[in-house]
Amino acid sequence: MYESKKEYQARVRSESTKLEWVLGRSIKHKQLGFCPKCQSVGHFDLEGLGFSPELDNAIYFSTVFDEWRCRMCDLRMIA
C-alpha cells in the first residue's frame, strides 16, 4: 500500500532529521550535496518524490528501498 503525500512528507522530515544528524549539518530543498548511497553529486528533493525536472540529479528518500538515493542510483539499476 502506498502512503499519501502527507504521510510521505512526514517520513521525509523524519529521515531528513536523521540524515542531518549523520552529516553534522542541515540540508535544504534543492541544496547541492552528495547522494548518501552512491556519492553522486545532486540536489536534495525534500518537497517532491525525486522526479522534479528542475533538479538535475535529485537526491530523495525512497520509501520503496527505505533509503536515501538519487536518480543516478535508479539509472544504475536499469543498466
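Below, the structure is looked at part by part. (Residues numbered from 1 in each chain as written. Predicted model: local features only at pLDDT ≥ 70, side-chain atom pairs only at ≥ 80, totals over all residues. Heavy atoms only, no water.)

Turning our eyes to something else, we now look at the sheet that holds strand 2 (residues 41-44). If you walk across this open sheet you meet the 4 strands as 1-2-3-4, and the pairing is mixed. The sheet is open, and its two borders are formed by strand 1 (32-34) and strand 4 (67-70), each paired with just one other strand. The average undirected angle you get between the axes of adjacent strands in this sheet is 50 degrees. Of the strand pairs in this sheet, strand 2 and strand 3 (residues 58-62) are connected by 2 bridges, and their pairing is parallel. Its bridge partner being in strand 3, Phe44 is matched across the sheet by Ile59. Those strands touched by helix 1 (residues 5-23) are strand 2, strand 3 and strand 4, and its axis lies near 110 degrees from that of strand 3. Strand contacts of helix 2 (residues 71-78): strand 3 and strand 4, with the helix running at about 80 degrees to strand 4, the strand carrying the most contacts. (Pairing = 2+ DSSP bridges. Helix = DSSP H or I, 4+ residues; strand = E, 2+ residues; numbered from the N terminus. Axes fitted to C-alpha atoms, helices over the stretch in contact; angles between N-to-C directions. Contact = heavy atoms within 4.5 Å.)

All right, on to the packing of aromatic side chains then. Per the stated rule, a full pass over the model turns up 2 aromatic pairs. Between Phe44 and Trp68, the aromatic rings sit 6.2 Å apart at their centres with planes inclined by 80 degrees, giving edge-to-face as the arrangement. Highlighted residues: Phe44 in strand 2 and Trp68 in strand 4, separated in sequence by 24 residues. The exposure class assigned to Trp68 is buried, which follows from its relative accessible area of 9%. Relative to Trp68, the ring of Phe61 has its centre 5.6 Å away and its plane inclined at 70 degrees; by these criteria the two rings are edge-to-face. When sorted by exposure, Phe61 lands in the same class as Trp68, which is buried. (Phe/Tyr/Trp six-rings, centres within 6.5 Å; stacked < 30°, edge-to-face > 60°. Buried < 20%, exposed > 50% of the residue type's maximum accessible area, 1.4 Å probe, protein only.)

Distances and angles like these do not, on their own, reveal function.
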